[in-house]
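Now for the letters of each chain:
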Amino acid sequence: MSVLNSIFLILIGIITLMMGVGLYRYWITFNGAILGFLTGIWIIQELSDNSWLGIMIAVIAAVIFAFLAYQFYKVGFAISGALIGAMVIVVVSGYIRPLPDWIVFAAMAAGALILAVMAIKIMKPYITVASSFSGSLLLLIGIGYLIGGNITNSILDVDLISPDNVSYPLYYLAIILVLTVVGIIIQSKKYAHLSMDEITK
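Bear in mind the structure is a predicted one, so any value in this text is a computation, not a measurement.

Points about the packing of aromatic side chains
This structure, assessed with the given rule, holds three aromatic pairs. Centroid distance tyrosine 24 to phenylalanine 77: 5.8 Å. Interplanar angle 20 degrees. Geometry classified as stacked. Placement of tyrosine 24 in helix α2 (residues 24-47) and of phenylalanine 77 in helix α4 (residues 73-93) is noted, with a sequence separation of 53 residues between them. Per residue, the accessibility class of tyrosine 24 equals that of phenylalanine 77, and both read buried. Ring centres of tyrosine 26 and tyrosine 70 lie 6.4 Å apart, and the angle between their planes is 50 degrees; this geometry places the pair in the tilted category. You can see tyrosine 26 sitting in helix α2 and its partner tyrosine 70 sitting in helix α3 (residues 51-71), a full 44 residues away along the chain. Overall, tyrosine 70 belongs to the partly exposed group, its relative accessible area being 33%. Members of the aromatic cluster, connected to one another through ring pairs, are Tyr24, Phe77 and Tyr126. A cation over an aromatic ring shows up here: arginine 25 above the ring of tyrosine 70, its NZ or CZ 5.3 Å from the ring centre.

Structure, rendered in structure tokens:
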């Protein structure tokens, strides 16, 4: 990954960490694109070994998911919740080994479902916590690549349900938690005067 890409991830991470609530529509659209891309890749991996076809299907899926997330914000919240729920399970599963793939996959599906429902039911608290979490993750991924480290590389691996692909030092999790709390505090103060109805206008 180039230096410019690393800096881009760092900037997006900081913005998401500090302003996720205010930029919620763009954030859930971005989440939709990521989930669509990963879904497209996963589907084509099950059906074909053609890498170009896989990329094309993944891009089309990313565009469709991003469009749905942007046009229908409740759908966007559900998509975002599903993505964050699965990501949390991926991070946690890195510390619980060995686990059969089907258990990790089932846990990811359950996490995605639970967070999707929560995202719709309690939108403002969800967007505050989830954007802080994803912002901290993007920030660390960018920093990891910038300094040439490998601690964040596995999070971008498409085959996330394999336990052998996910491994994080404990301090990585601690940094994520600290940055997430910082983001929650900043956003809670910044957007305390706004209701979700006002934010979604």
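That shown, we press on.
Digging into the confidence of the model for the chain
Should the pLDDT be low somewhere, the predicted coordinates at that spot are not to be read in detail. Mean pLDDT for the chain: 78, with 81% of residues reaching 70 or above. When the elements of the chain are averaged for pLDDT, helix α8 (residues 196-199) gives the smallest value, 69, and helix α7 (residues 170-190) the largest, 88.

Some words on the packing of helix α1 (residues 3-19) against α7
Running from amino to carboxyl end, α1 crosses α7 at an angle of 50 degrees, the nearest separation of the two axes being 7 Å. Classified by the interaxial angle, the pair formed by α1 and α7 is oblique. Here Thr16, Leu17, Met18 and Met19 of α1 come into contact with α7, specifically with Leu179, Gly183, Ile186, Gln187 and Lys190. Broken down by class, the residue content of the contact of α1 with α7 amounts to five nonpolar, three polar and one charged.

Calculation criteria
Residues numbered from 1 in each chain as written. Predicted model: local features only at pLDDT ≥ 70, side-chain atom pairs only at ≥ 80, totals over all residues. Heavy atoms only, no water. Phe/Tyr/Trp six-rings, centres within 6.5 Å; stacked < 30°, edge-to-face > 60°. Helix = DSSP H or I, 4+ residues; strand = E, 2+ residues; numbered from the N terminus. Buried < 20%, exposed > 50% of the residue type's maximum accessible area, 1.4 Å probe, protein only. Lys NZ or Arg CZ within 6 Å of the ring centre and 35° of its normal. pLDDT = per-residue confidence, 0-100. Axes fitted to C-alpha atoms, helices over the stretch in contact; angles between N-to-C directions. Parallel < 35°, antiparallel > 145°, perpendicular 65-115°, else oblique. Contact = heavy atoms within 4.5 Å. Nonpolar A, V, L, I, M, F, W, Y, C, P; charged D, E, K, R; others polar.

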